[in-house]
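The residues making up each chain are set out below.
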Amino acid sequence: MRLRLVLTVALGAVAASAADPFRHLPLIFEPNQGQTDPAVRYLARGSGYTLFLTSTGAVWQGRGAPPLGLRLVGANSQPRLEPREPLPGRSHYYLGPDPARWRTEIPHYARVELRQVYPGIDVAWYGDQRQLEYDLVVAPGADPSRIQLAFEGADSLDLDPDGHLVLRVGGREVRQLRPHVYQVRNGERRPVEGRYLLAGKRGVRFELAAYDAAQPLVIDPVLIYSTLLGATSSDEARSVVVDNQGNALVTGETDSPVFPSTSGAWRGFNLGGTDAFVARLSPDGRSLRYSTHFGGSGEDFGASLAVDAAGNLFIAGWTQSDRTFPITANAVQRVFGGGLRDAFAARFTSTGSLTYCTYLGGAGSDMALAIAADASSSAYLAGLTDSTNFPTIGGAFQPAYGGGDADAFVAKLSPLGDAVVYSSYLGGRDQDSAFGLAVDSTGSAHLTGDTYSRDFPTTPGALRRAPGPSFDAFVTKLNPAGTTLVYSTLLGGNRASRGTGIVLDVPGDAYLTGWTYADDFPVTGGAFQTTAGGGRDAFLAKLDPAGAGLVYATYLGGRLDDSAAKVDIDQEGHAYLTGTTTSTDFPTTPGALQPTHGGLGDAFVAVLNTLGSSLVYSTYLGSTRDDRGHDIAVDFQGGLYVVGGTESAAFPTAPDDPISKTLRGGRDAESA
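Note that this is a predicted model, so its numbers are computed, not measured.

### Focus on the overall build of the chain
Consideration 1: A tally of helices and strands in the chain yields one helix and 46 strands.
Consideration 2: In the chain, which comprises 672 residues, the proportion classed as buried is 63%.
Consideration 3: A sequence separation of at least 24 residues applies to 63% of the contacts in the chain between residues at least 6 apart.

Shown next, in the form of structure tokens:
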């Protein structure tokens, strides 16, 4: 078993941790093919910021932060820009309703070189997810004293006692390390003494010791940019799936910064607010297969992912972009339904090309929170709506709105997204919401969520048919046609309970996770934790294929608040949970990656055995601020992927491949 962290930045900056295998990803440069302002030649995105390369320098821009520009003073205004080291990935931008303005198949490079910025002097930009570097390469006989850098947007520049350059930008501190200067002789780097000289309020030159002018010289400053990024952007991963080749696919939302241009030109990606994104990472985490942004002028959120056997990717979420979302010509609903937001569904090929994108909603507010796909590439959506005219289909189980503040809904779309196969409300007279969805081999949809409705549709033999004083979790299975309930039951106790995630095994058992305040939740004898820990506890329950009995049910939590977000299972039936905890006594196991609570809310990862009676593995994931686990996926080799968000600037580090070193030693923990 291997744990792969894909925790993205939210409201804070995180330098890539040693526990994160994706830290090896190079900084990816894209040529500007119309996805941003014409003044930009290449761009690269980091965690919470974007780097824009122009003909005369570079600009760092983060959401909510002033831009920081580096200008090469007195340089050639038209240098030749040459990309180097092609990477296998591609970027796609499906932004706005006009396909003529979409930008697709944009290549990736690991390095961009600017030729002859000064006579005989080139600049090369490159880096990884931890730091950005730019080399000033001085040819034999060229004069390095010509080089002068101006940091535009910096409030002040200073040198610290170690010779590092300290820039203050909008109340933040950016540190550029003392330059590494060297020449290569006989294949070996030989250092040359060098330091910064301040030139005016925002200018910098280089002072160099004697060197061999007949040999090339490299001046290599390193910008430690993580300090620049605090509170500059909000990027959060919401869902992760793994395809049959072991690639991790992630969706969520991002505040993509735009180039701080005053030209008035169309500035491309991020037309306004938050955009949804999809990224596909290779199994080893060392390459980005593709990155796709999509959205409109409003707020757009990617909530859930699914992948079929052919590698097609399905995304569900919600959008506030009326008339500006990238709806395709074959969409089943091409017009925004109205209200605050519409649900949406989109399908992409295995290379990131858009197959369809459609609204799904009525005159109220509609949110798709879960998506699944079957063997024929039909997509199933679930979520909540307060639209009394949500597009249901005649013959569906519940064609009319139940009442209250919202109803859950479930819908099935054709493989091309051009028809609704079925669509149904699911709810009673009060509020009902669906948060999780799974589909079995017959095409039967299984939903989980919560309900306040005492008349929520349940079936004879249900474990519980009416909620307690607050709301209950529910589990509902529909037949493949979406016309009748196979089973439907509530699950709860004397206080609120919510189902947030569901997954199915081959025999048809449903594994349900979520959280509960109830101290009488129906846990089973022999469960790992039979009593409530206090506050809000996570729970895990396994239902038999008929939905008539609990195979097991257990609490999971400490004295404070603990909530599970999603669950996945491996081929043997071990359950893998992620979520968030504020408990300092959350149950962890010996050898955990992080055995103690970091601070505020921590993400957690827990693995239970096939009987739900013991923990195989459990660990905190977090540091001094809020850290959240949103989704979890297990690949066919036992690799474990977790996505979420963190505000902690000191997210935990550990040796490479830490989990493989701590989880081995028993059948339950062996990797395939």
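### With respect to the sheet that holds strand S44 (residues 615–621)
Consideration 1: Here we have four strands laid out as an open sheet, ordered S41-S42-S43-S44, and antiparallel in their pairing. Strands with a single pairing partner mark the edges of an open sheet, and in this sheet they are strand S41 (562–569) and S44. With strand direction ignored, the average angle separating the axes of adjacent strands in the sheet is 15 degrees.
Consideration 2: The pairing of strand S43 (residues 602–608) with S44 spans six bridges and is antiparallel. The residue bridging Ala606 from the neighbouring strand is Ser618, located in S44.

### Brief notes about the side chain of Asp308
Consideration 1: Positionally, Asp308 belongs in the loop between strand S25 (300–307) and strand S26 (313–319).
Consideration 2: One buried charge, Asp308, has no salt-bridge partner; the nearest side chain with opposite charge is Arg347, at 4.9 Å.
Consideration 3: A distance of 2.8 Å separates the side chain of Asp308 from the backbone nitrogen of Asn312, its partner in a polar contact.
Consideration 4: Beyond its immediate stretch of four places on either side in the chain, Asp308 contacts Phe314, Asp374 and Ser377.

### So, the environment of Ser563
Consideration 1: Within the secondary structure, Ser563 is located in strand S41.
Consideration 2: Along the backbone, Ser563 and Thr580 are 17 residues apart, and their C-alpha atoms lie at a distance of 5.5 Å.
Consideration 3: Apart from residues no more than four positions distant in its own chain, Ser563 is found in contact with Gly514, Trp515, Arg536, Ala538, Gly579, Thr580 and Phe604.

### Let's talk about the confidence of the model for the chain
Consideration 1: Chain-level pLDDT for the chain is 86 on average; 86% of the residues reach the 70-or-more range.
Consideration 2: Low pLDDT, under 50, characterises residues 261–267; the stretch is placed with 17 contacts to residues that sit more than four places away or in other chains.
Consideration 3: Of the regions scoring below 50 in pLDDT, residues 649–672 engages in 58 contacts with residues more than four places distant in sequence or in other chains.

### Things to note about the environment of Gln78
Consideration 1: Mapped onto the elements of the fold, Gln78 is located in the loop between strand S6 (68–72) and strand S7 (80–95).
Consideration 2: For Gln78, a relative accessible area of 62% gives the class exposed.
Consideration 3: On a C-alpha basis, the gap between Gln78 and Leu114 in space is 9.4 Å, while along the polypeptide they are 36 residues apart.

### Digging into unusual backbone geometry
Consideration 1: Positive phi, normally seen in glycine, also occurs at Arg323, with a value near 70 degrees.
Consideration 2: Here Arg323 lies in the loop between S26 and strand S27 (342–348).
Consideration 3: Relative accessible area serves as the criterion here: at 66%, Arg323 is assigned to the exposed category.
Consideration 4: Even without being glycine, Ser377 reaches a positive phi, approximately 70 degrees.
Consideration 5: Among the structural elements, Ser377 can be located in the loop between strand S29 (366–373) and strand S30 (379–385).

### Description of the sheet that holds strand S34 (residues 445–451)
Consideration 1: The sheet built from four strands is open, its strands ordered S33-S34-S35-S36 with antiparallel pairing. Strands at the two margins of the open sheet, each flanked by one partner only, are strand S33 (432–439) and strand S36 (485–491). Between one strand and the next, the sheet's axes are offset by a mean angle of 20 degrees, whatever the strand orientation.
Consideration 2: Taken together, the six bridges between strand S35 (residues 472–478) and S36 define a ladder with antiparallel strand orientation. By the bridge assignment for S36, Val475 is matched with Thr489.

### Here we look at the pattern of salt bridges
Two side chains of opposite charge can pair, provided their charged atoms sit close to one another.
Consideration 1: This structure, assessed with the given rule, holds 20 salt bridges.
Consideration 2: Linking Arg80 and Glu82 is a salt bridge whose minimum nitrogen-to-oxygen distance equals 2.5 Å.
Consideration 3: Residues Asp472 and Arg464 are paired through a salt bridge, measuring 2.4 Å at the closest nitrogen-oxygen approach.
Consideration 4: By relative accessible area, Arg464 is classed as partly exposed at 24%.
Consideration 5: In the salt-bridge network here, residues are joined through shared partners; they are Arg80, Glu82, Arg84, Arg111, Glu113, Arg115 and Asp122.

### Regarding the nonpolar core
Consideration 1: The biggest cluster of nonpolar side chains holds 42 residues, and the ones touching the most others in it are Leu51, Trp125, Ile147, Leu149, Phe151 and Leu167.
Consideration 2: If near-sequence neighbours (up to four positions away) are discounted, Phe151 is found in contact with Leu68, Gly69, Leu70, Tyr134, Leu157, Leu165, Leu167, Gln176, Arg202 and Val204.
Consideration 3: Within the second largest apolar cluster, 21 residues are counted, among which are Trp102, Ala331, Ala346 and Phe348.

### Brief notes about the side chain of Thr319
Consideration 1: Relative to the elements of secondary structure, Thr319 occurs in strand S26.
Consideration 2: A polar atom in the side chain of Thr319 sits 2.9 Å from the backbone nitrogen of Ser321.
Consideration 3: Excluding its chain neighbours within four sequence positions, the residues that come into contact with Thr319 are Glu299, Asp300, Phe325, Phe336, Arg341, Asp342, Phe344 and Tyr359.

Calculation criteria
Residues numbered from 1 in each chain as written. Predicted model: local features only at pLDDT ≥ 70, side-chain atom pairs only at ≥ 80, totals over all residues. Heavy atoms only, no water. Helix = DSSP H or I, 4+ residues; strand = E, 2+ residues; numbered from the N terminus. Buried < 20%, exposed > 50% of the residue type's maximum accessible area, 1.4 Å probe, protein only. Contact = heavy atoms within 4.5 Å. Pairing = 2+ DSSP bridges. Axes fitted to C-alpha atoms, helices over the stretch in contact; angles between N-to-C directions. Lys, Arg positive; Asp, Glu negative; His and termini not counted. Salt bridge = Lys/Arg side-chain N within 4 Å of Asp/Glu carboxyl O. Polar contact = N/O pair within 3.5 Å; in protein donor to acceptor, adjacent residues only side chain to side chain. pLDDT = per-residue confidence, 0-100. Core = buried A, V, L, I, M, F, W, Y, C linked by side-chain atoms within 4.5 Å.

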